[in-house]
Amino acid sequence: MTQPRVVLDTNVLLSALLFHAGSLAWLRQAWRSETIRPLASRDTTAELIRVLSYPKFRLTADEREDLLGDYLPWCETVRVPKRTKVPRCRDPFDRPFLELALAAKANALLTGDKDLLALAGAFAVPILAPAAFRNRIGR
């Protein structure tokens, strides 16, 4: 089986990065072992950096840098064309993840976001909850 190329929405990614014993910790091991290839774009990376700076996480600049260093080197960077057409979504912060998934021809977009999951039937790339993806790849 080839390495699945996946888009991880911000909440899924944060759970994998911040909670080492959490339900999504397996994702971190999956990209480290090259079982999956995370995809990143300029906009999705900017969103991650923005969210990691939220005061509620209480992360120092060095901690944020360490977290990015444990994720970004494993990513395939994708340039997303400006006019990538995706379905209308309620939350404008979701749009870059849809655009990235489509532009990269990703194998899946992993999310727990109900608004994104609601688009699953109308989108060219499978939109899956992380547990469903894990079952699909057999880990």
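Everything that follows concerns the structure shown earlier in this document.
Calculation criteria
Residues numbered from 1 in each chain as written. Predicted model: local features only at pLDDT ≥ 70, side-chain atom pairs only at ≥ 80, totals over all residues. Heavy atoms only, no water. Axes fitted to C-alpha atoms, helices over the stretch in contact; angles between N-to-C directions. Helix = DSSP H or I, 4+ residues; strand = E, 2+ residues; numbered from the N terminus. Parallel < 35°, antiparallel > 145°, perpendicular 65-115°, else oblique. Contact = heavy atoms within 4.5 Å. Polar contact = N/O pair within 3.5 Å; in protein donor to acceptor, adjacent residues only side chain to side chain. Salt bridge = Lys/Arg side-chain N within 4 Å of Asp/Glu carboxyl O. Buried < 20%, exposed > 50% of the residue type's maximum accessible area, 1.4 Å probe, protein only.

K.L.:
So what exactly am I meant to see when it comes to the packing of helix α1 (residues 10-18) against helix α2 (residues 25-32) here?
P.N.:
A pair of packed helices can be characterised by two numbers: the angle between their axes and the separation between those axes. One way to put it is that α1 packs onto α2 with a least axis distance of 7 Å and a crossing angle of 85°. As judged from the angle between their axes, α1 and α2 are roughly perpendicular. Residue-level contacts link Val12, Leu13, Ala16 and Leu17 of α1 to Leu27, Arg28 and Trp31 of α2.

K.L.:
Would you take a moment to explain the side chain of threonine 111 for this structure?
P.N.:
Checked against the element boundaries, threonine 111 lands in the loop between β4 (108-110) and α6 (114-117). Polar side-chain contacts of threonine 111 include one of 2.4 Å to the side chain of aspartate 9. If sequence neighbours within four positions are ignored, threonine 111 has contacts with Asp9, Val12, Leu116, Leu117, Ile127, Leu128, Ala129 and Pro130.

K.L.:
Could you clarify how one ought to interpret the environment of threonine 2 in this entry?
P.N.:
Along the chain, the position of threonine 2 falls in the segment before β1 (5-8). Each C-alpha atom, one on threonine 2 and one on lysine 114, is 28 Å from the other, the two residues being 112 residues apart in sequence.

K.L.:
It is not clear to me how the pattern of salt bridges should be interpreted in this structure. Could you clarify?
P.N.:
For side chains bearing opposite charge, pairing can occur when the charged atoms are close. Tallying each qualifying case throughout the model produces 6 salt bridges. As a salt-bridge pair, arginine 28 and aspartate 70 come within 2.5 Å of each other at their nearest N and O atoms. Of this pair, arginine 28 sits in helix α2 while aspartate 70 sits in the loop between α4 (61-69) and β3 (76-77); the two residues are 42 residues apart in sequence, bridging distant segments of the chain. Grouping residues by exposure puts arginine 28 and aspartate 70 together as buried. Of the charged contacts, one joins arginine 32 and aspartate 70 as a salt bridge, the two residues approaching to 2.6 Å between their closest N and O atoms. Separated by 38 residues along the polypeptide, arginine 32 in helix α2 and aspartate 70 in the loop between α4 and β3 bring together distant segments of the chain. Through salt bridges with shared partners, one network takes in Arg28, Arg32 and Asp70.

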